[in-house]
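The residues making up each chain are set out below.
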Amino acid sequence: DKGGYDHYMLKEIHEQPRAYRETLNNRIDHENQRVDLSKEIHLSEDEIRAIEKIHIVACGTAYHAGLVGKYVIENLVRIPVEVDVASEYRYRNPIITPNTLVMVISQSGETADTLAALREAQKLGAKVLAITNVNGSSVARDADEVLLTHAGPEIAVASTKAYTAQLITIYLWGLYLAQIRETQSEEVIRQYIQALSQLPTQVEKLLEFAPTMKQFAERYAHYEDLFFIGRSLDYAVSLEGSLKLKEISYIHSEAYPAGELKHGTLALITNDVPVIALATQEDVYEKMVSNIKEVNAREAYILGITLEGNEEGLSKSVNEVIAIPRTLPLLTPALSVIPLQLLAYYAALARGNDVDKPRNLAKSVTVE
Ligand code: M6R
């Protein structure tokens, strides 16, 4: 049942405010302004304090959520995090020490490579924490610890609400680690909890951009190549925006760390290659603006995505601007990805593609 929407993907994009609320629900102790995962996580506080490094392993969109996870955990908890795609991890003989925690992320919980990586990690002696959307899935059954994303069933091949629910779960887990390891003050934890609870309403506001994104998408739909650029977390979100666009619109696109462009890729930027530039991270904002000017000088058509309040400044260097509501910097991916999902959806629609069932792809990849 598409609930009145033309496609499951559009329905699932619009279900995100609910998915955020359900994923946060029962995990925050509002009275004490603390994250409480103690009913779900069995690791003792001593075991949590002993973690020396974390490996995050996943495929596709879930891998992109893992990339955000690296920033979140390293910044909040100062534990070193490595992120791998599962099909690489399982064959690379990873270095697992007794105090390594392996996290796997999988919407379906049935992805063959992710499941094999989980088993490989356990064989090498690691405890595995799974973040999955499906209770009772193979990943959920085999993992030592499970945190469920409460996105509800995701039908469209292109993952949307599962990705953002994974982000919310990662934020909760990062904050929980920070509380136990005392790497953040109570005041900072309180700020995160407040900012997290504002996200659903902020997403609702962003969804009102759908008609604008449709216009952009129709303008982009006839191009054959497109670039997404960003720095730090915006780079991680660029990768996800680019995958979404490729997967359903079949437009070739690449995501690039903006500072890396001049090391080769800038040669590809012409007035025939639109650029989507994410500039939501204040600490690298000025650097990002310089990179945007570099692509502007090559006459690329640029859509800038920035924070509310920065639109005017940025509009001098880009053709169009979208502003997302302000939140804490680590939380911006949960907002900035929304316009990119809409862009991919409307681009696929404009090209007459089967949005929910893109060619060559299956919802859950149960073979290697
Ligand atoms: O079910 P999983 O999260 O393990 O699936 C992983 C990928 O196959 C999946 O995210 C894929 O990349 C999506 N189709 C992307 O939209």
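Above this text sits the structure in question.
Residues numbered from 1 in each chain as written. Predicted model: local features only at pLDDT ≥ 70, side-chain atom pairs only at ≥ 80, totals over all residues. Heavy atoms only, no water.

Asker: Just give me the short version of the nonpolar core, but keep the residues and values in it.
Answerer: Core analysis: the biggest nonpolar cluster contains 94 residues, and Ile-54, Ile-73, Trp-173 and Ile-276 have the highest contact counts within it. Those residues in contact with Ile-54, other than ones at most four positions away along the chain, are Ile-73, Ile-79, Pro-80, Val-81, Glu-82, Leu-101, Met-103 and Leu-177. One finds Ile-269, Val-273, Val-295 and Leu-314 within the second-largest nonpolar core, a separate group that totals 19 residues. (Core = buried A, V, L, I, M, F, W, Y, C linked by side-chain atoms within 4.5 Å. Buried < 20%, exposed > 50% of the residue type's maximum accessible area, 1.4 Å probe, protein only. Contact = heavy atoms within 4.5 Å.)

Asker: If you had to explain the environment of Glu-186 to someone new, which residues and values would you point to?
Answerer: Among the structural elements, Glu-186 can be located in helix α9 (residues 186–207). Overall, the relative accessible area of 63% leaves Glu-186 in the exposed class. In this structure, the C-alpha to C-alpha distance between Glu-186 and Asn-32, residues 154 residues apart in sequence, is 9.6 Å. (Helix = DSSP H or I, 4+ residues; strand = E, 2+ residues; numbered from the N terminus.)

Asker: Just give me the short version of the sheet that holds strand β9 (residues 252–257), but keep the residues and values in it.
Answerer: Strands sit in the order β9-β8-β10-β11-β12 across an open sheet of five strands; the sheet is parallel. At either end of the open sheet lies a strand with only one pairing partner, and these are β9 and β12 (320–324). For this sheet, the mean angle separating the axes of adjacent strands, direction not counted, is 15 degrees. Inspection of the sheet shows strand β8 (residues 225–230) paired to strand β10 (residues 275–279) by three bridges, in the parallel sense. Bridging from a neighbouring strand, Ile-229 pairs with Ala-277 of β10. (Pairing = 2+ DSSP bridges. Axes fitted to C-alpha atoms, helices over the stretch in contact; angles between N-to-C directions.)

Asker: Account for the environment of Ala-323, with residues named and values stated.
Answerer: Here Ala-323 shows up in strand β12. Along the sequence, Ala-323 and Lys-363 sit 40 residues apart, while their C-alpha atoms lie 32 Å from each other.

Asker: Help me get a handle on the site of the ligand, residues and values and all.
Answerer: The full set close to the ligand counts 14 residues, and Ser-106, Gln-107, Ser-108, Thr-111 and Glu-247 are the nearest of them. The separation between an oxygen atom of the ligand and a polar main-chain atom of Gln-107 is 2.6 Å. In this structure, Ser-108 approaches the ligand through a side-chain N or O atom, which is 2.7 Å from an oxygen atom. When the free accessible area of the ligand is taken as 410 Å², the share hidden by the protein chains comes to 90%. Only α4 (60–77) and α11 (233–249) provide two or more residues apiece to the shell around the ligand. Among the residues making up the shell around the ligand, the classes are represented as five nonpolar, seven polar and two charged. (Near = heavy atom within 4 Å. Polar contact = N/O pair within 3.5 Å; in protein donor to acceptor, adjacent residues only side chain to side chain. Areas by Shrake-Rupley, 256 points an atom, 1.4 Å probe, with all protein chains shown as cover. Nonpolar A, V, L, I, M, F, W, Y, C, P; charged D, E, K, R; others polar.)

Asker: I'd love a proper account of the sheet that holds strand β4 (residues 81–85), names of residues and values included.
Answerer: Pairing is parallel in the open sheet, where five strands are placed in the order β4-β3-β5-β6-β7. Both outer strands of the open sheet, β4 and β7 (145–148), are each paired with one neighbouring strand and no more. Each adjacent strand pair in this sheet contributes to an overall mean axis angle of 20 degrees, direction not counted. As paired strands, strand β3 (residues 53–58) and β4 are joined by five bridges and run parallel to one another. Within β4, the position partnered with Ile-56 by the bridge is Val-83.

Asker: So, the side chain of Gln-202: which residues are in play, and what are the values?
Answerer: Looking at where Gln-202 falls in the secondary structure, it is placed in helix α9. For Gln-202, the residues in contact, after removing those within four places along its chain, are Pro-325, Arg-326, Thr-327 and Leu-335.

Asker: Before we move on, can you summarise the pattern of salt bridges with the specific residues and values?
Answerer: Summed over all chains, the structure comprises 24 salt bridges. Here Asp-46 and Arg-49 are joined by a salt bridge, their closest N and O atoms 3.2 Å apart. Highlighted residues: Asp-46 and Arg-49, both in helix α3 (residues 45–50), separated by three residues, approximately one helical turn. Judged by relative accessible area, which is 54%, Asp-46 ranks as exposed. (Salt bridge = Lys/Arg side-chain N within 4 Å of Asp/Glu carboxyl O.)

Asker: Please give an account of the pairing of β9 that cites residues and values.
Answerer: Strand direction decides the pairing type here: β8 and β9, joined by six bridges, are parallel. Among the inter-strand pairings, Leu-226 is bridged to a residue of β9, identified as Ser-253. What joins β8 to β9 is α11, and the crossover it makes is right-handed. (Right-handed = clockwise from strand over helix to strand, strands pointing away.)

Asker: Explain the packing of α11 against helix α14 (residues 333–350) to me, using residue names and the numbers behind them.
Answerer: Their axes nearest at 9 Å, the elements α11 and α14 cross at an angle of 20 degrees. In this view, α11 runs roughly parallel relative to α14, as classed from their interaxial angle. Here α11 and α14 pass one another in a crossing that is right-handed. Residues Leu-233, Val-237, Glu-240, Gly-241, Lys-244, Leu-245, Ile-248 and Ser-249 of α11 lie in contact with α14, whose contacting residues are Pro-333, Ser-336, Val-337, Leu-340, Leu-343, Ala-344, Tyr-345, Ala-347 and Ala-348. In the contact of α11 with α14, the residues fall into twelve nonpolar, three polar and two charged. (Parallel < 35°, antiparallel > 145°, perpendicular 65-115°, else oblique. Left-handed = near helix turned anticlockwise from the far one by under 90°.)

Asker: Got a sec to walk through the packing of helix α8 (residues 161–181) against α14? Specific residues and values, please.
Answerer: Packing of α8 against α14 brings their axes to within 10 Å, and their N-to-C directions diverge by 175 degrees. Relative to α14, the element α8 lies roughly antiparallel. Two secondary-structure elements touch here, α8 through Tyr-163, Thr-164, Leu-167 and Tyr-171 and α14 through Pro-333, Ala-334, Val-337 and Gln-341. Tallied by class, residues from the contact of α8 with α14 come to six nonpolar, two polar and no charged.

What is shown is where atoms sit, not what they do.
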